[in-house]
Every structure is written in C-alpha cells, then in structure tokens.
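# What the coordinates show
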Amino acid sequence: VAAFPDWNPQHYLDVGEMALGMSIGLDWFWTDLSRKQQNRFLDSLEEKGINPSLDESHPINWWLDYNNNWNPVCHAGLVSAALLLADRNPELSNWVITRAIKAVPNAMDETNPDGVYPEGPVYWTYGTHFTAVLIDLLESACGDSFGLADHNSFRESIEFRSHAVSPTGSFYNFYDNGKLVRFEPVTAWYASRYGSQIGFNAMRHGLKEFLENNPWTPEDDRLRTLPMLALWYPNSNNFPKNAQSNIASNWKGDGSNPVAFIRERWNDPNAFFLGFKGGKGSISHAHMDAGSFIFEDQGIRWAIDLDPQKYLSLESEGLGIWDRRQHADRWRIFRIGPYAHNLLLMDQRLQNAEAAAAITSFEETANTVRGIVDLSAIYKGQAQSYERTFVTHDYQVLQITDHVRGARERTEQQGRMSGTLRWRMLTRAQVDIANNEAILLQDGKRLYFKILEPVEFTLKSAPIDPPPYYWDESNPGVKAIDLWCKTDDSGNRDITILMSSDRKALERVAESL
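Presented here is an overview of the structure given in this document.

Rules behind the numbers
Residues numbered from 1 in each chain as written. Predicted model: local features only at pLDDT ≥ 70, side-chain atom pairs only at ≥ 80, totals over all residues. Heavy atoms only, no water. Helix = DSSP H or I, 4+ residues; strand = E, 2+ residues; numbered from the N terminus. Buried < 20%, exposed > 50% of the residue type's maximum accessible area, 1.4 Å probe, protein only. Axes fitted to C-alpha atoms, helices over the stretch in contact; angles between N-to-C directions. Left-handed = near helix turned anticlockwise from the far one by under 90°. Contact = heavy atoms within 4.5 Å. Nonpolar A, V, L, I, M, F, W, Y, C, P; charged D, E, K, R; others polar. 1 Å grid on protein atoms, 1.4 Å probe; cavity = no way out; pocket = protein on both sides within 12 Å on 5 of 7 lines; lining within 4 Å. Points joined across faces, edges and corners; volume = space filled by probe spheres on them.

### Some words on unusual backbone geometry
Omega for the peptide link from Asn112 to Pro113 comes to -5 degrees, which places this bond in the cis form. Mapped onto the fold, Pro113 is located in the loop between helix H4 (90–108) and helix H5 (121–142). The step from Glu453 to Pro454 runs through a cis peptide bond, and the omega angle for that step is 10 degrees. On the secondary structure map, Pro454 appears in the loop between strand S14 (445–453) and strand S15 (458–463). Of note, Asp347 is a non-glycine position whose phi angle comes to about 55 degrees, a positive value. As for its position among the elements, Asp347 is in the loop between strand S6 (344–346) and strand S7 (358–365). By relative accessible area, which is 25% here, Asp347 ends up partly exposed. Of note in this structure, Gln348 is not a glycine but carries a positive phi near 60 degrees. If you trace the backbone, Gln348 turns up in the loop between S6 and S7. On the basis of relative accessibility, which here comes to 30%, the residue Gln348 falls in the partly exposed class.

### Examining the packing of helix H2 (residues 35–50) against helix H3 (residues 70–84)
Axis separation between H2 and H3 bottoms out at 10 Å; the angle between their running directions is 145 degrees. Here H2 and H3 pass one another in a crossing that is left-handed. Within the contact between the two elements, H2 uses Leu42, Leu45, Gly49 and Ile50 and H3 uses Leu78, Ala81, Ala82 and Leu84. Looking at the contact of H2 with H3 residue by residue, the class counts come to seven nonpolar, one polar and no charged.

### A look at the layout of surface pockets
In this model, the largest pocket occupies a volume close to 1600 Å³. Taken together, 42 residues make up the lining of the largest pocket; nearest its centre are Val122, Tyr123, Tyr126, Arg222 and Tyr311. Mapped onto the lining of the largest pocket, the elements with two or more residues apiece are helix H1 (12–28), H5 and helix H10 (311–315). By residue number, the principal contributor to the lining of the largest pocket is H5, which donates six residues. The residue makeup of the lining of the largest pocket, split by class, is 17 nonpolar, eleven polar and 14 charged.

### Topic: empty space enclosed by the protein
By the definition in use, this model includes four cavities of 30 Å³ or more. Taken as a whole, the largest cavity holds about 60 Å³ of empty space. If you trace the largest cavity, you find it lined by Pro72, Ala107, Met108, Thr111, Tyr117, Gly127, Thr128, Thr131 and Phe154. Of all the secondary-structure elements, those providing two or more residues to the lining of the largest cavity are H4 and H5. Per element, the largest residue contribution to the lining of the largest cavity is three residues, and it comes from H5. Grouping the amino acids of the lining of the largest cavity by side-chain chemistry returns five nonpolar, four polar and no charged.

Encoded structure:
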C-alpha cells in the first residue's frame, strides 16, 4: 500500500479508507517496526493521505464541507493519519483535526430533526460507522469529542435505521439503497456508547442472523468493518434479557427526505407494514420517488422498490449519474427516474428535481393511521396542488388516495385534451385483472386490489422488461400495475385504491367510504 503511486484521490473515499486502515495497522505494530519502516508508513499517510486534501479549492476536495457520507468517511481517515503524525508535524496534525471537527457536523446535521438519514439506511451504516470511528479517535487521543458525540439527531438516528427494516427483514430500499440487511457493528457502538436498547437489540438480532445464515468470506469487503465489533461490543449485563426496545410501531421522521413507517407489530414477519416518503431529487443518491411507497403483508412485499443498478455499469456507458439537475442523465436511468417507482405521473413528465415534498400530517387514531404527503411543489407547473394520502384501516386495509387539482385543462379551441394521469405500482406477484379489481398471487398468498375512483379508467398489468434504454439493467419477474385516467376539463381528479389480504375487510372499508 505504501508503494502505491497514490490512493486514488480522484475518489477520496478510497483515500479515507486507506488512511484509516494503514493508521490502525501502523499503530498496532508500531513497536515491532524499524525506524525506517515507521517513517516510510508515516510518509505515505502524509503524502498520499493528507497532502492531496490541502488545496481545498481543488475539485477532488468537494467533500470537505459537504453534507453526505463522504464527509465523515474521508475526515475520519485523515484524522487517524494526523494523530500518528502529531509528533512529527504537530501543525499539520492540528490543522487536519480542527478542520474535521468543524466540517463533520455539516453531515450530521442532515439527520435533523428526527434522525432520518436522507441518503437511506445503507448509507446510514457507512457514514455513521466512520462518524463513530472519528468520535472514538478524538476521545482516545484528545479526551474530547468536541460535541460530536452529543449531536442529538445523530444519536437518535438508530431509531430510523430500525424502522427502515421491514417485517420480512429487508430494508425499505429507497434511493440508491438495496434491500439486503447486513450485520452492522455500529449498532453495537450505539448500545455501548449511549446505552441504547434499540442499538443493542439491532446488534443482537443482526449478529444472530450473521452467524447462522451469512458466513463471512474474505472476498466480502462489505464486512471489512467487522473487527470493530471487538472494540464496541457492549456489556450485556447492562441490558435486560429479551427486553423490548422502547420504540413505536408507527413513526414519522422529518428533514430533507421525510419518511414514515406504519407497522402492525414488531418481531412478526407476517405483520402489515407500509413505508412511504416525501423528499427531493437534489439530495445525494436521490431518486425521483417523492410520494412513493412499499407495502408488505403476510410475509410478502407486494409493492416493491427496485434495487439500485451498479454505478459502474452506468458510468462505463458515459452517463453522468451524479448530476442531479432537472434534465440530467440520472433521470434517464429507469431505476432512478420516476417511471420505476410507485407513484403518480402527470402526462408522463418528470418530477421537479429541486423541489421538496413534505409529510404534512401523520395521525394515529385507534387502529387507523393516516399520513399525507404534499407533492404540490414536486409537480409545480403540472398541477396547482397535489396531495397523496395513505390510510391504514385496522392494519388490514391500505387506502391510497391521490387528490389532484388544476392539472392540464382541456382547451377545446386548440383541441387539447385534459391531463393524463398514470398511477403505478411495481410487484413481483402474478396479477389477474377483472374490471376495477385485481388479485395478486405470490408464494401461495393473495392480495386484493380495488379501485374506488375514478369511474372511467384503464387498468393494465405487464412486465417492465425490456427497460427503455440499452444501459438499463433488466428487471426479471417484475410487473407494473398501471391505472390510466384523465382529469376532468378543469384538470381535477381523485384516485382511490384499496389493498388488503382480507377480502371481507377490504369490502367493509369500501362500503364505508
């Protein structure tokens, strides 16, 4: 590693991780190394790790004060190097450490106010792990985290991560996140650092699943953080055996990418579960998916979000996938743009990438939970107002109502028709359609789907393969349920859909509305 010509500073995450790995190894073996070896490795940390970051105006250093996962990952690695260089170059060391203490809160603040990690649960693991490492480095060497450990919403973000794991054991995989839940040693850090029962339970469950079902192999670089468990494992005596977390079943988190979760109960793989979101396309790793949702019941994820396509497969085609402006390449990628998400489109147009959608209401009454996402800004220029309302009835029936006002008006003189709306839901189930109803079949289970309004519509289901462009990854076994309808002459339309695995419950709710 020391002999490498550089550590790829064009992608500074590589430098951050390389610096941390070398710093840990050098510290551990310091007394067993010759002076020549010590100086050689210290030279590498300074020249290949820290020095490329000194010109803060250089484009490769865009991450220095940025608000995504790159910030803590890179700063943690450089601080680990700076601590080892403190005796040899105290001025440089102090500068690197001070810079990190000032910059990392910019990323931590993205979890305000409730702990939602905007980039999603997989990126929570990555960014939070390195933030925890940085806090431990500072406290070990300086005796102080300089306020980082006291950041409230960062501390509470372990709750967001727990809610993002569905009853079937998969993540709500919005944005560039996959469904797969891996064991995350940083959950142990939350248990030992903050005495978090949520963290302890997540650690215990994740470790059990890992040991029983997910044996480690040296090729699995995603578990490169596993050794930290030895440092972070909490004292189990501090946590009551089989104690339940003080965690609500239904939860909403605000912030730049608000999300909400409705769960019938914990620790039941067959529980009724809904996840939905607002957000905006300008966030790091964002998709055009404001207003989208996933839905599970009876151990089946009926409404799915596709896993992300590998970045290299897209970058190798020359696509600018990190540009999030309105007409960027990113939104032409099927799995990232709006066409592969469970949402409503108006005239098949893109959402507004710079606008934001908020969850404006989240209320629980008896066994009815209601949440409203205001999507008016996301569809500015397409409609005067648009709200999507999610209602769960007795944790048996899901109701989704779209309330569109002032979409494209019909203009008789110009021969222009009124707005065309397409309501979409992706599923891996077999879909049988009859009139205003559909039956979804998967793994011997059934889900009943019913349109209450509008009266005039076209309901279709078809595979989404082949995808639109040659660079898009195929999606075998995935179907789209599409409802097409027109607005009235004033551009108004309400759409109400019911879904339930219990037909009698669905009809009971249908009759009450």
